[in-house]
Amino acid sequence: MKHPIWYTSASLLVALMFAAPEAAQSETVEAEAVISQEPTAADLGTDFAIRPRFGLDFDTAGSGAESFGQFESFIPLWQNAGRELLFFQGQLLLDTDANLGTNLQLGYRHYLPSSDRIFGGYIAFDKRGTDSASFDQLGIGLETLGENWDLRLNGFLPIGDRRELVDSNTVDAGTQLTNLQFIGNQLIADSQQQQAEINRFESALGGFDLELGTKLLDIGEAGALRGFAGLYYYDGEGVDGSLGWRLRLQAEPTDYLRTGLSVQNDDIFGTTVRFNIGAAFPGYRATSSGTDSNTVLARLGESIGRTGHIVVDEQTEVGDVVATEADIQTGPVLNPATGDPWFFNHVTPDGAAGDGTFEAPYDTVTDATNTIPTDGNGIIYIADSNGAVISEALTIPGGVQLLSTGPAQFIDAFDESVQIQLPFSDSGDFPIIQGNVEMNSSPSGPTVLSGFSVQNDDGVGITADNSLGEIVISDNRVTASGASIEASTVESTTAGGVTVSNNLLSTGIDVDANNSTVTGDIIISGNQIGEASETEAESSGIGVNLDGATLTGNITVTDNEIKYSGIIVSSQNSSLTGDITLSENAIENGYSYGIGIGNTQTTIDGNIVISGNVIEAEGFGILMANYSYNDISGELIISDNVIGGEAVEAVPYGGVVVLNFEDSAIGEGVTVSGNTVEAQAIGVGVVNYSYSEIAGGVTITGNPDIQVSSDGDAGFFFFENGAAGIAVANANGGTLTDGVNISENGSIQVATDETAPALGIVVLNTDGQIEGSVEINNNLSIDVTGANTDINPTNPSDFGTAGIVVANYSDDNPSTISGDITISGNPDISSSEYGIVIVNSSDYSYGGDGIGGDITVASNGVVAVDDGVLVVNLDEIEGSVILSGSTITSGQDDGVDFSNLTPFSDIDGDVTLTGNTIDADGDEVKCTNNGTIAGSVSSPSACQNTPMLP
């Protein structure tokens with residue numbers, strides 16, 4: 001065994017086995033001394049004896065076993081009725097693959113009347129067959145059974161061959177290439193096929209299990225439901241030992257029927273769930289023909305509680321990759337995409353004129369492009385040129401690769417899974433190309449440019465046309481007065497994907513597809529942009545624009561470093577079947593947007609993920625604009641970004657802003673999580689507007705730090721001069737299904753110059769439908785400082801300064817929150833005006849249902865200058881209002897201020913305004929009721945007023 005825990009558990013088992021007879025002997029001596037305290041066999045009933053029984057059980061598949069059925073026999077070998085039992089228990093197992101197994105167990109149990117408890121133990125021999133192997137095992141165990149709790153310890157030790165090889169296959173492991181060398185226009189190599197051996201083993205695992213159980217409830221006259229919890233340990237050859245846990249329920253509704261359900265987890269098998277059911281005749285327990293049987297004594301005849309099969313782990317091992325005995329073959333390296341040899345035209349700029357072979361390279365790239373095959377096999381290879389300058393105008397034919405020896409260059413060889421590095425590459429020498437490089441495309445293969453220093457002071461550095469196939473631009477250094485790289489296609493039905501990676505660029509990257517069908521991915525990764533630029537105007541960042549396009553792949557922009565600009569992805573009248581992923585980019589001083597996505601009349605079938613970016617920007621850190629009949633089928637995820645900067649000019653107006661408007665839709669919700677945000681007007685904002693829909697709800701959670709600092713000139717949607725940490729606005733016929741959840745965020749700090757209001761968290765539903773609940777729970781800290789203004793519940797833009805605001809308001813259309821509003825567990829809300837504000841002013845004349853559930857404000861910590869908790873109802877609340885359990889301090893006004901304000905203000909449930917801890921300069925609890933409260937009221941007498949007539 002690999003771990004000493006087996007030996008420890010085995011020693012414990014032996015000690016307990018030796019201790020059990022001593023305990024029994026001690027108990028016997030004590031019983032003889034005080035015989036009058038113990039019932040005799042006659043007292044228990046002379047017919048109280050364990051009878052032989054037989055049963056059938058079925059267990060579903062679990063850790064290391066298939067589903068199996070078993071036939072069980074329980075045979076008493078000797079017994080002292082009502083006191084002692086020596087028994088044999090055997091099982092015959094048959095799994096669903098028709099493999100047999102057996103369990104043979106010899107057990108002893110002793111009943112102690114003074115403690116009303118059974119003590120026992122057993123030894124066992126187990127055998128199990130699989131499709132390909134057979135295993136043996138010894139078992140030993142101890143148990144104590146009682147009326148209310150049970151304890152079992154089982155050990156199991158496989159014997160004999162514990163690990164068997166059950167299957168072995170030899171598979172092709174590709175081609176081994178050696179002795180690479182250029183000869184003529186080909187790359188020659190010695191090749192030999194390789195093989196690897198795949199071996200499959202089965203290994204029997206030993207270990208122990210320990211469980212403690214208790215009776216949960218009685219079932220009928222004699223049945224019970226018992227629950228068990230325990231630990232177990234598995235170890236064996238070919239696997240590291242693992243300690244796991246198990247939870248188990250066992251129900252015995254009658255003496256004849258038993259069923260159980262268990263769940264367990266370990267590092268070998270993961271989490272597994274098992275179910276078993278069994279029946280026995282004449283029953284699992286002993287009975288008496290005399291008086292009612294003792295419920296503990298009746299358990300003498302129960303089956304032993306242990307795992308009914310040998311645990312077997314299936315293991316796969318891959319042997320060493322070795323060359324076959326076949327002869328080494330020498331020949332040209334093949335392109336696996338075409339099956340033909342790669343063709344190389346060699347070039348040494350400023351060298352002697354040749355024919356393009358390795359022995360006599362061309363002296364110009366133009367000569368090489370004129371003679372290179374365009375069938376997907378052609379590579380123009382620029383040899384080490386000691387910094388040579390290529391001043392000729394360059395056009396790379398479609399399907400051709402132009403490579404230098406500067407970076408490490410790899411090509412596929414014989415198989416797409418095998419790549420080889422070209423000889424002489426990774427020299428670090430990047431030939432200089434003066435002027436623009438044009439790249440054409442072809443369906444025969446990708447067009448590639450890699451390993452050059454492109455310098456163009458009069459326009460774009462690299463211009464690529466992907467109308468006919470794939471474009472790859474990698475490992476170049478580009479200085480240009482225009483964009484460094486421009487890849488575009490117009491009105492093509494055969495356009496290919498674009499990959500731009502690991503380039504060092506002075507200016508930006510533009511990828512455009514207009515009225516074209518693009519088959520493949522757009523990948524922009526690992527580039528450094530803007531380092532050579534002097535101002536932001538010179539760096540255009542990364543732009544991907546789809547206008548009237550159909551893209552069948554993904555858009556991925558990742559791991560780029562951008563200075564003076566940002567990333568913009570836009571689409572209009574387009575269709576995307578894949579995902580948009582913008583991740584792990586570092587953006588410094590983004591000119592307007594750090595990351596901006598704008599979609600108009602576009603269908604996106606996948607998800608949009610913006611994660612792990614570090615952004616310093618002046619306009620918006622992240623702006624997602626989904627507008628004008630745009631449809632995203634998947635989920636919008638914005639996570640783990642860091643937004644803001646030390647310099648004031650690098651702090652964005654908005655940190656994370658999502659706009660979904662004009663009949664647009666997001667199909668699986670919006671999630672904003674794990675972001676650290678610094679902003680001038682709004683930290684995190686989600687706006688659903690103008691008959692748009694976000695299905696799946698809005699979740700803003702786990703953002704560790706949101707700081708907003710405003711000079712009063714900034715503002716955000718619906719709040720002209722305010723600032724907010726987190727804002728969700730649903731307006732003008734918008735629909736949010738599955739509600740709003742703003743929970744588990746860290747520090748939220750919002751401060752203005754006290755000429756404008758500040759809001760920590762605000763949820764505004766204006767002329768819209770929130771189908772579900774609004775939950776604002778367990779946010780660590782909310783601190784707001786702003787202007788002091790009187791709240792105007794009929795104007796959603798005027799809530800003053802508040803830590804948390806939820807407002808349901810009708811202007812031109814019905815406005816409804818169909819579920820509950822819950823604000824709880826926020827321990828630290830500090831506000832220069834209001835603490836928590838809830839307003840329901842949905843105008844009944846527009847047919848809105850107001851709030852369809854309960855309003856609960858509980859277990860918060862509030863310190864405010866004015867009202868700590870303010871609730872104003874001007875329409876209908878179909879549930880109850882519960883303002884209870886919070887700690888509230890109000891420096892100048894009331895602790896709790898509740899107003900059921902108009903004759904049309906109806907509350908269908910109860911109103912509870914008690915149970916808070918309040919320190920207030922004004923009233924601790926203030927209540928105004930001019931409407932109707934249908935339920936009971938726990939509040940000041942003012943809430944009992946008869947409502948005014950309309």
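Residues numbered from 1 in each chain as written. Predicted model: local features only at pLDDT ≥ 70, side-chain atom pairs only at ≥ 80, totals over all residues. Heavy atoms only, no water.

**A closer look at a nonpolar patch on the surface**
Logical step 1: Together, Phe-58, Leu-216, Leu-217, Leu-249, Leu-257, Leu-261, Val-273, Phe-275 and Ile-277 make up an exposed nonpolar region whose accessible area comes to about 750 Å².
Logical step 2: Elements that contribute at least two residues to the nonpolar patch include exactly strand E10 (206-219), strand E13 (257-266) and strand E14 (270-281).
Logical step 3: Considering every element that reaches the nonpolar patch, the biggest residue donor is E14, with 3 residues.
Logical step 4: Exposure remark for Leu-261: the relative accessible area of 45% places this residue in the partly exposed category. (Patch = residues over 30% accessible without salt bridge, like charges linked within 9 Å, V, L, I, M, F, W, Y side chains within 5 Å. Areas by Shrake-Rupley, 256 points an atom, 1.4 Å probe, with all protein chains shown as cover. Salt bridge = Lys/Arg side-chain N within 4 Å of Asp/Glu carboxyl O. Helix = DSSP H or I, 4+ residues; strand = E, 2+ residues; numbered from the N terminus. Buried < 20%, exposed > 50% of the residue type's maximum accessible area, 1.4 Å probe, protein only.)

**Quick notes on the confidence of the model for the chain**
Logical step 1: Of all residues in the chain, 87% attain a pLDDT of 70 or more, and the chain-wide mean is 87.
Logical step 2: Residue range residues 288-293 is modelled with pLDDT below 50. Its contacts to residues more than four positions away, or to other chains, number 8 contacts.
Logical step 3: In the predicted structure, residues 844-848 sits below a pLDDT of 50 and forms 14 contacts with residues beyond four places in sequence or in another chain. (pLDDT = per-residue confidence, 0-100. Contact = heavy atoms within 4.5 Å.)

**A short note on the pattern of salt bridges**
Logical step 1: All chains considered together, the criterion is met by 13 salt bridges.
Logical step 2: When the shortest N-O distance is used, the salt bridge between Asp-57 and Arg-258 registers 3.8 Å. Of this pair, Asp-57 sits in strand E1 (residues 53-59) while Arg-258 sits in strand E13, and the two are 201 residues apart along the sequence.
Logical step 3: For Arg-258, a relative accessible area of 11% gives the class buried.
Logical step 4: When the shortest N-O distance is used, the salt bridge between Lys-127 and Asp-136 registers 2.8 Å.
Logical step 5: On the basis of relative accessibility, which here comes to 36%, the residue Lys-127 falls in the partly exposed class.

**Brief notes about the sheet that holds strand E7 (residues 149-159)**
Logical step 1: Strand order around the closed barrel formed by 12 strands is E1-E2-E3-E4-E5-E6-E7-E10-E11-E12-E13-E14, with antiparallel pairing between neighbours. The mean inter-strand angle of the sheet, taken between neighbouring strand axes irrespective of direction, is 20 degrees.
Logical step 2: Alignment of strand E2 (residues 68-80) against strand E3 (residues 84-95), held across 12 bridges, turns out to be antiparallel. Counted as the bridge partner of Gly-69 is Leu-94 from E3. (Pairing = 2+ DSSP bridges. Axes fitted to C-alpha atoms, helices over the stretch in contact; angles between N-to-C directions.)

**A word on the environment of Val-806**
Logical step 1: On the secondary structure map, Val-806 appears in strand E69 (residues 802-809).
Logical step 2: A residue is classified by how much of its surface remains accessible, and Val-806, at 1% relative accessible area, is buried.
Logical step 3: Taking the C-alpha atoms as reference, Val-806 lies 6.4 Å from Val-837; in sequence the two are 31 residues apart.
Logical step 4: If we skip the residues at most four places from it in the chain, Val-806 touches Val-763, Val-774, Ile-776, Ile-817, Ile-821, Ile-823, Val-837, Ile-838 and Val-839.

**Concerning the environment of Gly-339**
Logical step 1: Mapped onto the secondary structure, Gly-339 falls in the loop between strand E16 (329-332) and strand E17 (343-347).
Logical step 2: Taking C-alpha positions, Gly-339 is 9.4 Å from Asp-415, a pair spaced 76 residues apart along the chain.

**Notes on the side chain of Asn-660**
Logical step 1: Turning to its location among the elements, Asn-660 is positioned in strand E53 (residues 654-661).
Logical step 2: Apart from residues lying up to four places away in sequence, Asn-660 is in contact with Asn-626, Ala-665, Ile-666, Val-687, Asn-688, Tyr-689, Ser-692, Glu-693 and Ile-694.

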